[in-house]
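Read off the chains here:
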Amino acid sequence: MSKVKPYKNSALGKKEQVTKMFDNISGDYDGLNRVISFGIDIKWRKNVVKIINKSNPESILDIATGTGDLAINLAETHATKIVGLDISSGMLEIGKEKVKKKGLDSKIEMVLGDSEKLPFKNDTFDAITVAFGVRNFENLDNGLKEIYRVLKPNGTFVILETSIPTKTPFKQGYNLYTKNIMPLIGKIFSKDRSAYQYLSESASVFPYGEALNNILRKIGFINVEDFPQTLGVATIYKSSK
Ligand SMILES: C[S@@+](CC[C@H](N)C(=O)[O-])C[C@H]1O[C@@H](n2cnc3c(N)ncnc32)[C@H](O)[C@@H]1O
């Protein structure tokens, strides 16, 4: 389990630190996200929607929804109910505004909550998504077990998460970019200097590919498949219950 936390000199646990960090960066999150990923993250979320669309879900839970981009994209499906859940009230407030501006508030409900203690009954949702959220969980297994619990049998679970290119020279290029350039952009443009250091450090130690597939299988998910995106800098994981 990754012990990388946002603030090295803080006595707070990972969950509290992550919540504080996302509250701090909520105002610049969307803008910096686009800069850091050169806007490719938009395409990755669209690919998640394509996968979700195949099972035609009526209800979708988007965990770690943050400022709501994936929840908003999921509104293009035929789902009648989408719930976006996040632990950071700062991120959620920005998400709520975006949902309202797009006139989607009757379809998307934004809820404050912890992925490791989901406020829903067993077998509630037809599909569940998490984009760039699982590596921030304090306890990955607990978060995944909760997702499994609230997903309906035969339901679809899709994760979008950072991964590391394995081929030369992309691996070297990726290391240079995430270890040097990305934290520098964060330092210059974000008011939280540690945040973008944490985001890159946590990505470098988080399991990806077959390692994450095996964690999903251990929790009980079946039909686990992974789809590397853009030379492997991110990966989409699809599974079911
Ligand atoms: C990198 S952001 C991703 C936001 C959004 N899904 C996206 O694609 O842009 C990670 C989000 O995970 C949330 N998060 C971290 N730990 C969480 C937890 N235990 N429960 C719910 N949300 C959590 C953070 O508050 C943050 O908004």
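Residues numbered from 1 in each chain as written. Predicted model: local features only at pLDDT ≥ 70, side-chain atom pairs only at ≥ 80, totals over all residues. Heavy atoms only, no water.

Enquirer: Give a description of the overall build of the protein chain that names residues and reports values.
Expert: Summing up its helical and strand segments, the protein chain has eight helices and seven strands in all. In terms of C-alpha radius of gyration, the protein chain reaches 17 Å, essentially the compact-globule figure of 18 Å for 241 residues. Overall, the C-alpha framework of the protein chain stretches about 45 × 35 × 35 Å when taken along its three principal axes. Long-range pairs, those at least 24 residues apart, make up 70% of the contacts in the protein chain between residues at least 6 apart in sequence. Total accessible area computed for the protein chain in this model is approximately 11100 Å², and 56% of it derives from carbon and sulfur atoms. Each charge sign in the protein chain was given a centre, from 35 positive and 27 negative side chains, and these centres are 3 Å apart. (Helix = DSSP H or I, 4+ residues; strand = E, 2+ residues; numbered from the N terminus. Rg over C-alpha atoms; globule rule 2.2 N^0.38 Å. Contact = heavy atoms within 4.5 Å. Areas by Shrake-Rupley, 256 points an atom, 1.4 Å probe, with all protein chains shown as cover. Lys, Arg positive; Asp, Glu negative; His and termini not counted. Charge placed at Lys NZ, Arg CZ, Asp CG, Glu CD.)

Enquirer: So, the environment of Ala203: which residues are in play, and what are the values?
Expert: With respect to the secondary-structure elements, Ala203 resides in helix H7 (residues 195-205). Taking the relative accessible area as the measure of exposure, Ala203 reaches 5% and is therefore buried. Along the primary structure Ala203 and Leu160 are separated by 43 residues, whereas in three dimensions their C-alpha atoms are 12 Å apart. When residues no more than four places from it in sequence are discounted, the contact partners of Ala203 are Arg135, Thr162, Ile164 and Tyr174. (Buried < 20%, exposed > 50% of the residue type's maximum accessible area, 1.4 Å probe, protein only.)

Enquirer: So, the site of the ligand: which residues are in play, and what are the values?
Expert: Lining the immediate surroundings of the ligand are 18 residues, of which Tyr29, Ala64, Asp86, Ser115 and Ala131 lie closest. Note that an oxygen atom of the ligand is positioned 2.8 Å from one of the side-chain N or O atoms of Tyr29. Asp86 is positioned with one of its side-chain polar atoms (N or O) 2.6 Å from an oxygen atom of the ligand. The dominant element in the shell around the ligand, judged by the number of residues it contributes, is helix H1 (residues 14-36), at four residues. For the shell around the ligand, the class distribution of residues is eight nonpolar, seven polar and three charged. (Near = heavy atom within 4 Å. Polar contact = N/O pair within 3.5 Å; in protein donor to acceptor, adjacent residues only side chain to side chain. Nonpolar A, V, L, I, M, F, W, Y, C, P; charged D, E, K, R; others polar.)

Enquirer: Could you give me a rundown of helix H8 (residues 210-219), with the residues and numbers involved?
Expert: Of all the positions in H8, only Leu212, Asn213, Ile215, Leu216 and Ile219 are classed as buried. Around the axis of H8, the buried residues are gathered within 160° of arc, so they sit on the same side. Looking at the buried residues of H8, the elements they touch are helix H5 (140-150), strand S5 (151-162), strand S6 (222-229) and strand S7 (234-240). Within two residues after H8, Gly220 carries a phi angle of roughly 125°, on the positive side. (Arc of directions from axis to C-beta.)

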